[in-house]
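# Results of the structural survey
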Amino acid sequence: GESVGLHLPTLSVQEGDNSIINCAYSNSASDYFIWYKQESGKGPQFIIDIRSNMDKRQGQRVTVLLNKTVKHLSLQIAATQPGDSAVYFCAELHPGTYKYIFGTGTRLKVLA
Amino acid sequence: GAGVSQSPSNKVTEKGKDVELRCDPISGHTALYWYRQSLGQGLEFLIYFQGNSAPDKSGLPSDRFSAERTGGSVSTLTIQRTQQEDSAVYLCASSLDKGRGDGYTFGSGTRLTVV
């Protein structure tokens, strides 16, 4: 079936290379951020989170960087694999609320 | 259940008809959210249920949209007199509390197409 997000920005990387996906967030007071991965036909899945009192957090093959000065998040994926192909969203939790505000997403294509 | 379950997975309806979308959250999760994902867009917050508190309906785009959560578990999102711009994937998520981090689990969504 048709995939959601056909018109999303796309990042194409060679298998084995590192990927960097960027996101700008809206509220300078937001104190918690998440990166989600969404594969075709599935709901978003949690990858990694970071609180505003941190600049960097590492997971398994993934690293999130937070630059509060310019309200920018990035997701770095090391040694990108075909299974990493998906749409990636950043989400910020607006302070004092339970609502996540999602970015528009970036489609990652891994080339064999 | 093991995850958040949504039904139907796909729904095609004629313009002007009413539709009901169902969400079964993870057992024991007190918070339940509906989001809408339109083509080429991010996720748009629609409504939030937390326990027995009044739901936050601030994201519902019009009065044609309504949602219920019965018994603190299953939720139904109803769209009356559907319009073509309602075509989207409707995602439900649940969490134990306010949904920090990996406690916030999405279903696979219902793809609604209004023709």
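This report concerns the structure included in the present document. (Residues numbered from 1 in each chain as written. Chains lettered and ligands numbered in written order. Predicted model: local features only at pLDDT ≥ 70, side-chain atom pairs only at ≥ 80, totals over all residues. Heavy atoms only, no water.)

## Regarding the sheet that holds strand β7 (residues 72–77) of chain A
All names here are of chain A. Here four strands make up an open sheet; going across it, the order is β2-β7-β6-β5 and the pairing antiparallel. Only two strands of the sheet have a single partner each, and these edge strands are β2 (19–24) and β5 (56–58). Strand-to-strand twist in this sheet, taken as the mean axis angle between neighbours without regard to direction, amounts to 15 degrees. Where β2 and β7 come together, six bridges link them in antiparallel fashion. Across the sheet, residue Asn 22 finds its bridge partner in β7, namely Ser 74. (Pairing = 2+ DSSP bridges. Helix = DSSP H or I, 4+ residues; strand = E, 2+ residues; numbered from the N terminus. Axes fitted to C-alpha atoms, helices over the stretch in contact; angles between N-to-C directions.)

## Let's talk about the nonpolar core
Residues Tyr 36, Tyr 100 and Phe 102 of chain A together with Tyr 33, Tyr 35, Tyr 104 and Phe 106 of chain B are the most contacted members of the largest nonpolar core, which totals 21 residues. Contributions of two or more residues to this core are made by β3 (32–38), β8 (86–93) and β9 (100–102) of chain A together with β4 (31–37), β5 (43–50) and β8 (88–95) of chain B. No other element matches the four residues that β8 of chain A contributes to this core. Non-local contacts of Tyr 35 of chain B, meaning those with residues more than four positions away in its chain, are made with Tyr 100 and Phe 102 of chain A together with Leu 43, Glu 44, Phe 45, Leu 46, Val 89, Tyr 90, Leu 91, Tyr 104 and Phe 106 of chain B. Ile 26, Trp 34, Ile 79 and Val 114 of chain B belong to the second largest nonpolar core, which has 20 residues in total. (Core = buried A, V, L, I, M, F, W, Y, C linked by side-chain atoms within 4.5 Å. Buried < 20%, exposed > 50% of the residue type's maximum accessible area, 1.4 Å probe, protein only. Contact = heavy atoms within 4.5 Å.)

The values reported here are purely geometric and, on their own, carry no functional implication.
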